[in-house]
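Working through the structure, step by step
Here's the letter readout for the chains.
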Amino acid sequence: MLARKGLLPDEFLITHLAEERVTNSQYRPKTKRARFVTKNGACNVAHKNIREQGRFLQDVFTTMVDFKWQHSLLIFTMTFICSWMMFAMAWWLIAFAHGDLGPKRGSFVPCVTNIQSFTSAFLFSIEVQVTIGFGGRMVTEQCPLAITVLIIQNISGLIINAVMLGCIFMKTAQANRRAETLIFSKHAVIACRDGKYRFMFRVGDLRKSMIISASIKIQIVKKTTTEEGEVIPISQVDIQVENPVGTNSIFLVSPLIVSHTIDERSPLYLFSAYDICNEDLEVVAILEGVVETTGITTQARTSYLPEEILWGHRFVPIVTEEEGRYSVDYSKFGNTVKVHGPLCSAKDLAEGRYCALPRNGHHSKPKKRRGASHGVGEAVREIAAENQPNNSDS
């Protein structure tokens, strides 16, 4: 606790001494890169130095919905209490001006019956606004002002109830709650499929109720520098999702493997297995659709850093047919299996210059091999044959 509150200087902390010892060693930990989108879909962006705070008050309803639950409940409670107190003061002033608080005469009719103090006025205010009506206090026809205050309090109570209950409903039915049951695989993979590199990840829906008009989008976020020398810290580039119908729409009944073909239009076209491990980029996946039960649009997000992209892996099948129906085994949702294949970039593979991982585990440089004129498919088959496990090695 002392170290967390900063009561001790850093040079006297044991953790600081341990960090210095590790830093001085020959093994230095790799600097952890900040994520643009976390694994659970939250955007890792902090907004600072916002001077125009009044813009949030112009949209009070959205601001209240965005509040945390403890703040929303506090505002909910204080709004009702303040309105009850304000109108209780109005009823007490009406009773005081009319002489209801003094000694009663024989034929005297008060504005509001049974109001002798501010406490009874406060109880009457609650009875009017929440329409409880215990029957001990009521407005008489002696005071037109009391009837006017009664109408104003009823209308104000209805407005406060509508706004507050609407905020509570929107907080409980927010679209991000439905996104909790939309899951992505922990890792993404890059492997050859039909003679081309594919960037793939798996997405699934845990609920039986479907996501209507579901669409998925992939972006690559990285730091870029323009030809004029301008540095763009967060550059977002859309990449095409592989879909036979030509759109990003998917039919998410069972878990699907979403893929992106790495061709000459892809930002990943020049990256090899070695390059992508040292590249400073982040692949963001966004799934959006309409919730079938509520009709609310929801969005689920995740991201993959270079260390979370497995080169030369494929996802294991998890959908089987059992007793006339399809069964999904979610225990294998993120499981992958390593496959033999080239490690060079998609450009080198398309031009016939490809490389493989030798037996000693070191990366070899791309080189021109025989059979380059036979096409990419033939090249992949040659590399796969050369990388088959040898019985003599075992």
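Residues numbered from 1 in each chain as written. Predicted model: local features only at pLDDT ≥ 70, side-chain atom pairs only at ≥ 80, totals over all residues. Heavy atoms only, no water.

1. Observations concerning the environment of glutamate 308
Rules: By the criteria applied, helices consist of DSSP H or I runs no shorter than four residues and strands consist of E runs no shorter than two, each listed in order from the N terminus. We call a residue buried when its accessible area falls under 20% of the maximum for its residue type, exposed when it is over 50%, and partly exposed in between, using a 1.4 Å probe and counting protein chains only. Note on definitions: a residue-residue contact is assigned when non-hydrogen atoms from the two residues lie within 4.5 Å.
Note on placement: glutamate 308 falls in the loop between β8 (297-304) and β9 (309-311). On the accessibility criterion, glutamate 308 (15% relative accessible area) is buried. Considered as a pair, glutamate 308 and cysteine 277 are 31 residues apart in the sequence and their alpha carbons are 9.3 Å apart. If we skip the residues at most four places from it in the chain, glutamate 308 touches Arg35, Lys39, Lys186, His187, Ala188 and Ser303.

2. Let's talk about unusual backbone geometry
The phi dihedral of serine 213 is positive, around 55°, even though this residue is not glycine. Its place among the elements puts serine 213 in strand β4 (residues 211-225). For serine 213, a relative accessible area of 59% gives the class exposed. Located in the positive-phi region is glutamate 323, a residue other than glycine, with phi close to 55°. Among the structural elements, glutamate 323 can be located in the loop between β11 (319-322) and β12 (325-328). Residue glutamate 323 is classed as exposed on the basis of its relative accessible area, which comes to 83%.

3. Considering the confidence of the model for the protein chain
Low-pLDDT stretches of the model should not have their predicted coordinates read in fine detail. Applied cut-off: pLDDT expresses how confident the predictor is about each individual residue, on a scale running from 0 to 100.
Of the residues in the protein chain, 79% reach a pLDDT of 70 or more, and the chain-wide mean stands at 78. Note that residues 1-29 has pLDDT below 50 and, in this model, ten contacts with residues that lie over four places away or in other chains.

4. Some words on the sheet that holds β8
The following threshold applies: If DSSP finds at least two bridges between two strands, the strands pair. The axes are straight lines fitted to the C-alpha atoms, using for helices just the contacting stretch, and the angles between their N-to-C directions are given from 0 to 180°.
Ordered in space as β5-β4-β7-β8, the four strands form an open sheet in which the pairing is antiparallel. Each edge of the open sheet is held by one strand with a lone partner, namely β5 (231-239) and β8. Sheet twist, expressed as the average angle between the axes of neighbouring strands with direction ignored, equals 25°. Pairing between strand β7 (residues 281-291) and β8: eight bridges, direction antiparallel.

5. As for a nonpolar patch on the surface
Where we set the bar: Any residue with relative accessible area above 30% and no salt bridge may belong to a patch, with like charges joined within 9 Å and the nonpolar Val, Leu, Ile, Met, Phe, Trp and Tyr side chains within 5 Å. Throughout, the Shrake-Rupley method with a 1.4 Å probe supplies accessible areas, and for residues the shown protein chains are the sole cover considered. Should a side-chain nitrogen of Lys or Arg be within 4 Å of a carboxyl oxygen of Asp or Glu, the pair is scored as a salt bridge.
On the surface, Phe61, Ile147, Ile151, Ile155, Ile159, Val163, Phe169 and Met170 cluster together into a nonpolar patch covering about 710 Å² of accessible area. Here the nonpolar patch takes seven residues from helix α7 (residues 144-172), the largest share from any one element. Tracing the chain through its elements places phenylalanine 61 in helix α4 (residues 60-66). For phenylalanine 61, a relative accessible area of 37% corresponds to the partly exposed category.

6. Remarks on the pairing of β5
In the sheet, β4 pairs with β5 via seven bridges, with the strands oriented antiparallel. What sits directly across from valine 221, in β5, is glutamine 236. Connecting β4 to the antiparallel partner β5 that follows it, the hairpin turn spans five residues, and glycine 229 within it adopts a positive phi of roughly 95°.

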